[in-house]
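# Commentary on secondary and tertiary structure
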Amino acid sequence: MSKPRRSFASDNNAGVHPEIIEAIRNVNEGHVVAYGDDDVTARAVKLFKKHFGKSVEVFFVFGCTGANVLGLKAITKPYQAVVCAETAHINVDECGAPEKFTGCKLIALQTPDGKLRVEQLEPLLHVFGNEHHVQPRVISISQATEMGTVYTKKELKAISGFAHANNMLLHVDGARLANAAASLEASLKSITADVGVDVLSFGGTKNGMIYGEAVVFLDPKLAQDFKFIRKQGMHLPSKMRFISAQFEALLSGDLWSRSATHANRMARLLATELEKVPGAKIRPTQAVEANGVFAVIPKKFIPQLQKKYFFYVWNEAISEVRLMCSFDTTEEDIHDFVEVVRRVVK
Ligand SMILES: Cc1ncc(COP(=O)(O)O)c(C=O)c1O
């Protein structure tokens, strides 16, 4: 059985968008000053200010774990706590780096769909001022969430309002912020600065870059010591211009939203086509609001499907799988995969 060139395992498994490769090639001539003191970086920073607001402070880093950890480090003390969803990448997929580098306890709350709600946060307040307890300081949410869902502006405002009313800050893991913005048909600013987000990890890698993420301080006062934190945290790229050039390509036109919109559309198509598979054997478990589809596929069919199209089982206990789409997923990929599913589950 020949293997297709793309799979649904992860948007990280995708290649690099040709326009990004072109942008890298275009800045490859000659020498420029290292560590970000160059024109390409200045232009990329300007674009972030255009998209997120004039006063934001922006720092480029290599990856999103680093962006999350260092962004959180900048706004916490080790006796404080970061509240997040149980499914949050910072809780389950960063090998304890947030705890190690910030010293903070993560308070992980169960959610049905990856989204935190204010009602769940209220009970945390009673520990304030009590020296026997870590002090909740940051609420960290993922947008889009790890479950492929998206917070609405109203939900974001409710959480930031709660945070600020209780002397806390709102951090967003935006590894897939572009997918969330595309899903909400909203600008990047309208779902971050305008709804009270304080610190953001803005993802590039999952949206067609080779690597490179940005820590964006929507409240610039919080960025005061960040240049030291980034260097000590080993995330100051020397050849910065190559990350900057990628962000410039992403943000100067519509590449960021074009790619994210496409990935989201492919995920919706995939979910719709899977639901048409006869016998109701494939059962979606989450609303498809970004570029991921979560569905239960009976266990006995999974190894055979994975032989041709690799994907991950997300929750073994209920045989739930995660299928991710990316900027380069095609309708043909989806129809071919669904055809394989039809044959296998028949
Ligand atoms: C929501 C989310 N945040 C953060 C990360 C971490 O990214 P990286 O692997 O670049 O450290 C990922 C990676 O899959 C992710 O899905």
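Our structure is the block above this text.
Here is a short report on the structure shown in this document. (Residues numbered from 1 in each chain as written. Predicted model: local features only at pLDDT ≥ 70, side-chain atom pairs only at ≥ 80, totals over all residues. Heavy atoms only, no water.)

## Some thoughts on the overall build of the chain
Each helix and strand counted, the chain has 13 helices and eleven strands in total. Along the longest, intermediate and shortest principal axes, the C-alpha atoms of the chain span 60 × 60 × 35 Å. Taken across its 346 residues, the chain has 57% of its residues classed as buried. At a minimum sequence separation of 6, the contacts of the chain that also span at least 24 residues come to 76%. Accessible area of the chain: about 15,600 Å², with a carbon and sulfur share of 52%. With 42 positive and 38 negative side-chain charges, the chain shows a spacing of 2 Å between the two charge centroids. (Helix = DSSP H or I, 4+ residues; strand = E, 2+ residues; numbered from the N terminus. Buried < 20%, exposed > 50% of the residue type's maximum accessible area, 1.4 Å probe, protein only. Contact = heavy atoms within 4.5 Å. Areas by Shrake-Rupley, 256 points an atom, 1.4 Å probe, with all protein chains shown as cover. Lys, Arg positive; Asp, Glu negative; His and termini not counted. Charge placed at Lys NZ, Arg CZ, Asp CG, Glu CD.)

## So, the packing of helix H1 (residues 18-26) against helix H10 (residues 241-252)
The relative placement of two packed helices comes down to the angle between their axes together with the axis-to-axis distance. Two elements in contact, H1 and H10, have axes whose closest approach is 8 Å; the angle formed by their N-to-C orientations is 135 degrees. As judged from the angle between their axes, H1 and H10 are oblique. Where H1 crosses over H10, the two elements pack in a sense that is right-handed. Of the residues in H10, those in contact with Glu19, Ile20, Ala23 and Ile24 of H1 are Phe242, Ala245, Gln246, Ala249 and Leu250. Across the contact of H1 with H10, the residue classes break down as seven nonpolar, one polar and one charged. (Axes fitted to C-alpha atoms, helices over the stretch in contact; angles between N-to-C directions. Parallel < 35°, antiparallel > 145°, perpendicular 65-115°, else oblique. Left-handed = near helix turned anticlockwise from the far one by under 90°. Nonpolar A, V, L, I, M, F, W, Y, C, P; charged D, E, K, R; others polar.)

## Digging into the sheet that holds strand S8 (residues 283-284)
If you trace the four strands from one edge of the open sheet to the other, you get S8-S9-S11-S10, paired in antiparallel fashion. Of all strands in the sheet, those bounded by a partner on one side alone are S8 and strand S10 (312-315). Taken together, the two bridges between S8 and strand S9 (residues 292-296) define a ladder with antiparallel strand orientation. By the bridge assignment for S9, Arg283 is matched with Val296. The strands touched by helix H11 (residues 255-275) are S8, S9 and strand S11 (320-324); relative to S9, the strand with the most contacts, the crossing angle is about 20 degrees. (Pairing = 2+ DSSP bridges.)

## Quick word on helix H8 (residues 177-184)
With six of its eight residues buried, H8 lies for the most part within the structure. Along H8, the positions that sit buried rather than exposed are Leu177, Ala178, Asn179, Ala180, Ala181 and Ala182. Elements that come into contact with the buried residues of H8 comprise helix H2 (39-52), strand S5 (169-174), strand S6 (199-203) and H11.

## Here's the deal with the packing of aromatic side chains
In this description, an aromatic ring pair is defined by two values, namely the gap between the centres and the angle between the planes. Evaluation of the coordinates by the stated rule reveals 17 aromatic pairs. Between the aromatic rings of Phe48 and Phe247, the centroid separation amounts to 5.1 Å while the plane-to-plane angle is 80 degrees, which identifies the pairing as edge-to-face. Here Phe48 is found in helix H2, whereas its partner Phe247 is found in helix H10, with 199 residues between them in sequence. Just above the ring of Phe101 sits the side chain of Lys100; from NZ or CZ to the centre is 5.2 Å. Lys115 extends its terminal NZ or CZ atom over the ring of Tyr151, reaching a point 5.9 Å from the ring centre. (Phe/Tyr/Trp six-rings, centres within 6.5 Å; stacked < 30°, edge-to-face > 60°. Lys NZ or Arg CZ within 6 Å of the ring centre and 35° of its normal.)

## Concerning the site of the ligand
By nearness alone, every residue bordering the ligand is listed as Asn12, Gly63, Cys64, Thr65, Asn68, His89, Glu94, Glu146, Asp173, Ala175, Arg176 and Lys206. Within the side chain of Thr65, one N or O atom sits 2.6 Å away from an oxygen atom of the ligand. Considered on its own, the ligand offers 390 Å² of accessible surface; in the complex 79% of this is hidden by protein. Per-element accounting of the shell around the ligand gives the leading share, three residues, to helix H3 (residues 64-74). (Near = heavy atom within 4 Å. Polar contact = N/O pair within 3.5 Å; in protein donor to acceptor, adjacent residues only side chain to side chain.)

## Overview of the sheet that holds S5
To summarise the sheet geometry, strands pair through backbone hydrogen bonds and adopt either a parallel or an antiparallel arrangement. Pairing within the open sheet is mixed, and its seven strands lie in the order S1-S7-S6-S5-S4-S2-S3. Of all the strands in the sheet, just strand S1 (57-61) and strand S3 (105-109) have a single pairing partner and so form its edges. Direction aside, the axes of adjacent strands within the sheet are offset by 25 degrees on average. Lying on the sheet, H3 is in contact with S1, strand S2 (80-85), strand S4 (135-142), S5, S6 and strand S7 (213-217); it crosses S7 at an angle near 20 degrees.

## Quick word on the pattern of salt bridges
Per the counting criterion, the structure on display carries 14 salt bridges. Between Asp333 and Arg6 there is a salt bridge, with its nearest N and O atoms 2.7 Å apart. Here the residue Asp333 occupies a position in helix H13 (residues 331-345), and Arg6 occupies one in the segment before H1, the gap between them amounting to 327 residues. Asp333 gets classed as buried once you look at its relative accessible area, which sits at 10%. When salt bridges that share partners are traced, they join Glu19, Asp254 and Arg258 into one network. (Salt bridge = Lys/Arg side-chain N within 4 Å of Asp/Glu carboxyl O.)

## Some thoughts on the nonpolar core
Grouped together as the largest cluster of nonpolar side chains are 62 residues, with contacts concentrated most on Phe48, Phe52, Ile139, Phe202, Val216 and Phe247. Counting residues per element, this core draws most heavily on H10, at seven residues. Excluding anything up to four places from it in sequence, Phe202 contacts Phe48, Phe52, Gly174, Leu177, Leu188, Glu213, Ala214, Val216, Phe247 and Leu251. Within the second largest apolar cluster, 28 residues are counted, among which are Leu269, Leu274, Val288 and Ala295. (Core = buried A, V, L, I, M, F, W, Y, C linked by side-chain atoms within 4.5 Å.)

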